[in-house]
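# Architecture at a glance
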Amino acid sequence: MSSHLNWMIIRNNNAFLVKKRNIKKPFSKEPNNVTNLNAYRYNGLVHKKAVGVVENPNRKGFTVVYKKAKATNKPAKNLIRRPFKAGARRSLHKVKRLLRANNYRTDLAKATLRRASAILRSQRPIKAKKPKAAAAKTE
């Protein structure tokens, strides 16, 4: 089936939808959806080529998960996982190059970089705040 027909079938009700009150567009928790928005463009289920970014299990770096276009009917061989743990700047550059050089969903390149950057940011240690000594001295 075509991706448009699949989208028309699953767009209003599927197991991954997150519907809340006072939100016009529902969110989606499906794999390979880099923005978590329920939209045809970002959907990871209906496209032959889809990109996702997940955190590594040891909380060091991230993994880019993408689909092989030729293995659409073989779910076991469909997904390719590529871990990145070299460092923030180098890893983000490699992800950008992976998507742009291979012409693999270039429309999702910025969203993929944002998701990867957010994961890296969440892995940073929290800086301890210094107590304000000047404000404590009051006469």
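Predicted model, so just to flag it, every value in this text is computed and none were measured. (Residues numbered from 1 in each chain as written. Predicted model: local features only at pLDDT ≥ 70, side-chain atom pairs only at ≥ 80, totals over all residues. Heavy atoms only, no water.)

### Focus on the overall build of the protein chain
A tally of regular secondary structure across the protein chain gives five helices and five strands. Ordered by position from the N terminus, the helices and strands of the protein chain form the series α-β-β-β-β-α-β-α-α-α. With the C-alpha coordinates of the protein chain rotated into their principal frame, the extents come out at 75 × 40 × 25 Å. Across the protein chain, contacts joining residues at least 24 apart in sequence account for 40% of those joining residues at least 6 apart. Total accessible area on the protein chain stands at roughly 10,500 Å², and carbon and sulfur atoms take up 53% of it. Averaging the locations of the 37 positively and 4 negatively charged side chains of the protein chain gives two centres separated by 10 Å. (Helix = DSSP H or I, 4+ residues; strand = E, 2+ residues; numbered from the N terminus. Contact = heavy atoms within 4.5 Å. Areas by Shrake-Rupley, 256 points an atom, 1.4 Å probe, with all protein chains shown as cover. Lys, Arg positive; Asp, Glu negative; His and termini not counted. Charge placed at Lys NZ, Arg CZ, Asp CG, Glu CD.)

### Here's the deal with the UniProt feature "domain: Ribosomal eL28/Mak16" (unreviewed entry) in the protein chain
UniProt marks residues 5-122 with the feature "domain: Ribosomal eL28/Mak16" (unreviewed entry), using the numbering shown here. Summarising residues 5-122: 32% helix, 18% strand, and an end-to-end C-alpha distance of 37 Å. (UniProt positions renumbered as here; feature names shortened; annotations may be inferred.)

### Thoughts on helix H4 (residues 109-122)
An α-helix turns once per 3.6 residues; consequently, residues spaced three or four apart project the same way. If you check H4, its first and last C-alpha atoms are 20 Å apart, about what 14 residues at 1.5 Å a residue would give, namely 20 Å. Those residues of H4 lying buried are Ala 109, Ala 111, Thr 112, Ala 116, Ile 119 and Leu 120. Along its buried surface, H4 packs onto strand E3 (51-55), strand E4 (62-67) and helix H3 (88-101). (Expected span 1.5 Å × (residues − 1). Buried < 20%, exposed > 50% of the residue type's maximum accessible area, 1.4 Å probe, protein only.)

### Quick notes on the pairing of E4
With six of six residues buried, E4 lies mostly within the body of the structure. Burial of the side chains of E4 extends over both faces: Phe 62, Val 64 and Tyr 66 are buried on one face and Thr 63, Val 65 and Lys 67 on the other. Relative to E4, E3 runs antiparallel, the two sharing five bridges. By the bridge assignment for E4, Val 54 is matched with Thr 63. Linkage of E3 to E4, two consecutive antiparallel strands, is achieved through a turn of six residues, within which Arg 59 is found at a positive phi near 60°. Inspection of the sheet shows E4 paired to strand E5 (residues 79-84) by six bridges, in the antiparallel sense. The residue bridging Thr 63 from the neighbouring strand is Pro 83, located in E5. (Pairing = 2+ DSSP bridges.)

### Quick notes on unusual backbone geometry
Of note, Asn 103 is a non-glycine position whose phi angle comes to about 50°, a positive value. With respect to the helices and strands, Asn 103 occurs in the loop between H3 and H4. Look at Asn 103 and you get exposed, because its relative accessible area is 57%. Even without being a glycine, Arg 105 presents a positive backbone phi close to 45°. For Arg 105, the position within the fold is in the loop between H3 and H4.

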